[in-house]
Amino acid sequence: MKNLLGYCLTAMMLLTMACQPQPHDVSPSETLPDIFPDYVGVTVPVDIAPLNFSMSDDHADWLCVDVKGSKSGQLTVAGEEADFDLDEWHQLLAANKGGQLTVTVTARNNGQWTRYRPFVVYISSSPIDEWGVTYRRIAPGYSMYGLMGIWQRCLSTFEETPLLMNSQSPGMCVNCHTSCRTNPDQYVFHVRGAHGATVIHREGHTELLKAKNDTLGGSMVYPAWHPGGRYCAFSTNKTAQAFHMRNPKLIEVYDNASDIFIYDTKTHTILRDTLTMTSDWSENCPTFSADGRWLYFTTALQRTYPQDYQKQRYNLCRIAFDERTGKMGQQVDTLIRADAMQKSISWPRASYDGRYIMYTLSNYGYFSVWHPEADLWLLDLQTGESRSMDEINSPRSESLHQWSSNSRWFLFTSRRDDGLYTRLYFAAIGDDGKATKPFLLPQRHPKRYYRQLMDSYNTPDFTSRKIEVKSQELGEAIESDNRIKTHIH
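Residues numbered from 1 in each chain as written. Predicted model: local features only at pLDDT ≥ 70, side-chain atom pairs only at ≥ 80, totals over all residues. Heavy atoms only, no water.

Caption draft 1: Seen up close, the packing of aromatic side chains. The full count for this structure, using the stated rule, is 22 aromatic pairs. Measuring from centroid to centroid gives 6.3 Å for Phe 53 and Phe 119, while their planes differ by 65 degrees, and the two rings are edge-to-face. Taken together, the positions of Phe 53 in the loop between β3 (43-44) and β4 (54-55) and Phe 119 in strand β9 (residues 119-123) put the pair 66 residues apart, joining distant regions of the chain. Residue classification places Phe 53 among the buried residues on the basis of a relative accessible area of 2%. Between the aromatic rings of Tyr 222 and Trp 347, the centroid separation amounts to 5.0 Å while the plane-to-plane angle is 85 degrees, which identifies the pairing as edge-to-face. In this pair, Tyr 222 sits in strand β19 (residues 221-225) while Trp 347 sits in strand β27 (residues 344-350), placing the two residues 125 residues apart along the sequence. Judged by its relative accessible area of 8%, Trp 347 falls in the buried class. Taken together through their ring pairs, the aromatic side chains of Tyr 222, Tyr 314, Trp 347, Tyr 366 and Phe 367 make up a single cluster. (Phe/Tyr/Trp six-rings, centres within 6.5 Å; stacked < 30°, edge-to-face > 60°. Helix = DSSP H or I, 4+ residues; strand = E, 2+ residues; numbered from the N terminus. Buried < 20%, exposed > 50% of the residue type's maximum accessible area, 1.4 Å probe, protein only.)

Caption draft 2: Broad picture of the nonpolar core. Phe 53, Val 65, Phe 84, Val 105, Val 121, Phe 410 and Phe 426 are the most contacted members of the largest nonpolar core, which has 61 residues in total. Take this core: its biggest share by element is five residues, from strand β33 (residues 423-428). Of all hydrophobic cores here, the second largest spans 17 residues; its members include Met 172, Ala 197, Leu 208 and Ile 478. (Core = buried A, V, L, I, M, F, W, Y, C linked by side-chain atoms within 4.5 Å.)

Caption draft 3: Structural context of the pattern of salt bridges. The final tally for this structure, using the stated rule, is 18 salt bridges. Of the charged contacts, one joins Arg 137 and Asp 455 as a salt bridge, the two residues approaching to 3.2 Å between their closest N and O atoms. Within this pair, whereas Arg 137 is found in strand β10 (residues 132-138), its partner Asp 455 is found in the loop between α3 (446-452) and β35 (456-463), the two being separated by 318 residues in sequence. Each of the two residues, Arg 137 as well as Asp 455, counts as buried. Among the ionic pairs, Arg 416 bridges to Glu 398, the shortest N-O distance being 3.0 Å. Taken together, the positions of Arg 416 in the loop between β32 (409-414) and β33 and Glu 398 in strand β31 (residues 398-403) put the pair 18 residues apart, joining distant regions of the chain. (Salt bridge = Lys/Arg side-chain N within 4 Å of Asp/Glu carboxyl O.)

The following block contains the structure:
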């Protein structure tokens with residue numbers, strides 16, 4: 001019986017293969033295949049999901065793809081797209097860790113078969129060390145928002161699950177999910193709307209803070225955890241937006257005012273400091289150093305808005321922080337005077353190994369997702385040198401970046417594909433501070449997925465494990481009026 005079943009399966013497989021188009025009269029080409037996503041020459045971690053792809057040209061209706069490992073192993077797939085078996089893919093990558101894959105594509109376009117020049121995918125010897133990523137998915141609207149949510153995605157597979165959808169708290173805007181150094185058991189996010197709240201999950205408990213403190217004059221926005229886990233820095237922003245009539249940027253988002261404070265999760269106390277809460281300057285975008293001894297942030301001289309929106313330019317600064325006392329230092333150091341270059345810095349992110357700060361540089365303002373000129377820059381804290389990451393940047397906006405826990409990888413959002421939607425990209429960084437060619441977050445059917453997806457990826461971060469959330473209970477808690485009041489110190 002077993003032999004008969006085996007014969008039947010073999011016969012079915014042979015019949016299926018016989019029905020598939022077979023390359024014939026193949027024309028060799030010295031050009032590389034134009035594929036989507038562009039995985040030509042990228043470097044990937046050994047545990048990444050299969051790099052499935054299609055030809056960019058929709059007239060190419062069949063592919064035959066052969067993948068050979070530099071150390072061992074081979075994969076061959078055929079179909080309308082390269083759709084690799086999950087287990088076979090991971091076995092091939094594991095066998096070639098630190099090596100490379102050579103990919104040969106033969107494609108049929110308008111009945112003509114072409115075999116393209118092989119390309120290489122490099123398999124890094126440094127893993128990402130994270131289970132996956134979190135992000136908000138939101139339609140890129142201007143004044144109204146519909147269905148949105150915070151999602152998590154496994155990087156080794158195509159599994160994507162929602163953490164919280166605003167349908168579970170109707171009318172709410174959920175945003176800015178931020179973990180403490182990729183820890184899935186400690187995170188914070190903000191909810192705007194009639195039942196607004198700052199949601200903090202820590203030490204197995206979830207607390208909903210009152211969204212706005214009248215003394216601060218704003219909400220707790222743009223969080224950044226101290227590595228010790230007790231403190232979290234926030235900005236409080238009075239955000240406004242304006243629309244251009246004759247400008248390809250369409251929209252401008254700016255702050256009429258903003259300050260930075262530190263929140264003590266143990267005492268529910270907001271720790272203010274006159275050096276980071278000034279009337280003449282707007283402090284924004286906080287982030288702690290790897291050792292927790294410094295709080296980095298951006299600051300811009302207050303202007304008259306919206307008339308002077310193009311003059312809102314942020315510099316990169318830092319102030320000392322003492323974890324034992326919860327107090328900041330006595331002076332603010334300016335690390336980069338971007339305004340002197342007629343530029344503006346936003347979203348500084350310190351690597352967890354203490355070597356770098358990655359930031360976004362644009363012409364003005366800080367809402368860089370709307371700025372096509374926004375690029376990623378890298379500050380080496382050992383040498384003090386700062387440079388444009390030309391190997392990463394594109395003619396369109398790059399922003400909203402974050403480091404992996406081992407600081408060997410980073411992610412960022414980019415509008416390089418169509419200029420409309422921000423997509424999620426990954427790259428490795430070497431000992432020399434140079435980054436590898438970025439690759440798009442893999443999907444099972446990438447061309448179909450990204451064409452049909454009407455959402456942008458927003459505020460992404462790594463997570464070391466899958467996050468366990470009781471979404472229904474959390475939604476009910478947000479719908480309630482039960483809030484913890486914060487105290488001002």
